[in-house]
Amino acid sequence: MRNSFNLDGKVVLITGAASGIGAKCVEVMAQCGAKVMATDIDEQQGLKTVAEFKTQGLDVVFCQHDASSSDDWDKAIAATLAQFNRLDILVNNAGIYIGGTLLENNLEQLRLLNKINIESIFLGMKAAATVMKPGGNGGSIINLSSVAGLIGVSGHSAYGATKGAARLYSKHAAVEFAQLGYGIRVNSVHPGVIDTEMGGQVFQDLVDIGLASSFGEAKNIVIGMTPLGRLGKSEDIASMIAFLSSDAASFITGGEFVVDGGLTAA
Amino acid sequence: MRLTNKIALITGGASGIGEAMCLRFAQEGATVIVADIAKEQGLTLAQNINQQGGKALFIKLDVSQQSQWQVAINQIVKQYGQLDILVNNAGIAIPGTVEDCTLADWQRTQLVNSDAVFIGTQIAIKTMKAAGGSIINVSSIEGIIGEPKAAAYNASKGAVRIFSKSAALHCAQSGYNIRVNSLHPGYVATPLIANAVASMPESDALEFQQRVLANIPMARMAQSSEIASAALFLASDDASYMTGSELIIDGGYTAH
């Protein structure tokens, strides 16, 4: 058999697609045969990333998109339908990390995290399900949570609160969409610490709150806590997302998928 | 093809979920060892796979017998030189609440569903140590949530879930490059479920079926192929950063 997690003919919208896990999702899912609408708030980086994928012959289009803006969701969905005529898969990947201890955090930080990490998921699930439902084709929605949505981590309280919300928000949507017969599956993915720009922010934060003396030490602490002895790679997460998107996962909904090198098993 | 050149041993491989896994893994290029106590069915399946251009071998294996595991592994290593993937899939379900489950039924359930997973995982780790591999232990959503009519089964599947994490951590910390994960199917349309329901009193069976279907948000049971594709993901290099983790395929059952 060819590609086991085939996405031929599927149309995917991926937020936060200019870099990191989002960009890798664009690449992997397009390689699996999907047509991809890659969106990001950062137009310059987004266009650059998409241009590289296009030179590889991948079917990818960029749309500038603030995932926390309702108007921008209308725009991104309209662009997707105009370009590809349908939407089958949504990857709510856009998100930010703000560290600091709970005593250092302020309300503005918490609200910003909620806006980017949770309001975006609400708007995205609502916009996507509205399109996926009436066509009768159903669909698959994947929301990026984190291991910080499962366990407590110093410096992660505000971020972790949004990721815990993403986890349970996915289950509520999954059950509701299934019971109401929408044919839309919803799952959450929980990466460990991934070797991306955001991963670097996590190491710096460990230094800032006094749990590591240097960036290098912080990185070594995290690697030491990870049973597989390495950071995750973007493709480790992208391959899980591609699997969950595909028909290979047709009975999987409301699930949480931990890809963390064993971090939370210990 | 995701499993080219891989040697995969699948216990309980002759029927149900195991059969679907054998077919899927073979399609993906693996050489499949169909291990089962059901000789006729297992031989027929291996023959079918070979006729369709796949590679398969049947080995008769009672997973609860340590000596038979050793014989099976010896044969695999002798014939293929390696073992890359083990799916501990063989299992039994004897219905019974905590009040009506006999000690004999309890022990029989632990022997096949839990002891055998320990034996298989241990021997596979010994075999895979040098070159690495992926071990998939088939638990169940019954290893996560309670089912009043399946006390022994619940206990055995809960054991598989947490034992897999322990083995995963050991392998990772030892630098073996062996990943161990658990797979948690919900209700699947298989002989195991059908037989368990058939052995219940009629009123119990009806109540069970109605309650189960009403409790699956997707309002249907899984097909075996839907469990096989999840096992394929865990077996493949796509899951190379996953260990000690759980993969639930239940149509939303445990999400609500």
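Enquirer: Hey, could you go over helix α1 (residues 16-27) of chain B for me, with residue numbers and the actual values?
Expert: Residues and elements named next belong to chain B. Over its 12 residues, α1 extends 17 Å from the first C-alpha to the last, a length consistent with the 16 Å expected when each residue adds 1.5 Å. In terms of burial, α1 is largely enclosed, as nine of its 12 residues are buried. Of the positions making up α1, those classed as buried are Gly16, Ile17, Gly18, Ala20, Met21, Cys22, Arg24, Phe25 and Ala26. One or two steps after α1, the chain reaches Gly29, where phi turns positive at roughly 100 degrees.

Enquirer: Lay out the interface of chain A and chain B with the relevant residues and their values.
Expert: Counting residues at the interface gives 35 residues for chain A and 37 residues for chain B. Counting the surface lost from both chain A and chain B, the interface buries some 3100 Å², and carbon and sulfur atoms represent 63% of this. Along the contact surface separating chain A from chain B lie zero salt bridges. At the boundary of chain A and chain B, one finds 10 residue pairs in polar contact (both at pLDDT 80 or more). Those elements that provide at least two residues to the side of chain A that touches chain B are α5 (157-179), α8 (234-245) and β7 (256-259) of chain A. Partitioned by chemical class, the residues of the side of chain A that touches chain B number 18 nonpolar, 11 polar and six charged.

Enquirer: Please set out the confidence of the model for chain B residue by residue, giving values where relevant.
Expert: Here chain B averages 95 in pLDDT, and 100% of its residues register 70 or above. At the level of chain-chain contacts, confidence expressed as ipTM amounts to 0.89, with global pTM at 0.92.

Enquirer: Let's hear about the pattern of salt bridges: which residues, and what values?
Expert: Residue and element names in this part refer to chain B. If you walk through the whole model with that rule in mind, you get 14 salt bridges over all chains. As a salt-bridge pair, Asp238 and Arg2 come within 2.1 Å of each other at their nearest N and O atoms. With Asp238 in the loop between α8 (224-235) and β7 (246-249) and Arg2 in the segment before β1 (7-11), the pair connects residues that are 236 residues apart, well separated along the chain. A salt bridge links Glu147 to Arg211; the nearest nitrogen and oxygen atoms lie 3.3 Å apart. Placement of Glu147 in the loop between β5 (133-138) and α5 (151-173) and of Arg211 in helix α7 (residues 202-214) is noted, with a sequence separation of 64 residues between them. With a relative accessible area of 4%, Glu147 lands in the buried category. Via salt bridges that share partners, Glu147, Lys149, Glu207 and Arg211 belong to a single interconnected network.

Reading the values: the criteria
- Residues numbered from 1 in each chain as written.
- Chains lettered and ligands numbered in written order.
- Predicted model: local features only at pLDDT ≥ 70, side-chain atom pairs only at ≥ 80, totals over all residues.
- Heavy atoms only, no water.
- Helix = DSSP H or I, 4+ residues; strand = E, 2+ residues; numbered from the N terminus.
- Expected span 1.5 Å × (residues − 1).
- Buried < 20%, exposed > 50% of the residue type's maximum accessible area, 1.4 Å probe, protein only.
- Contact = heavy atoms within 4.5 Å.
- Buried area = accessible area lost by both parts, 1.4 Å probe.
- Salt bridge = Lys/Arg side-chain N within 4 Å of Asp/Glu carboxyl O.
- Polar contact = N/O pair within 3.5 Å; in protein donor to acceptor, adjacent residues only side chain to side chain.
- Nonpolar A, V, L, I, M, F, W, Y, C, P; charged D, E, K, R; others polar.
- pLDDT = per-residue confidence, 0-100.

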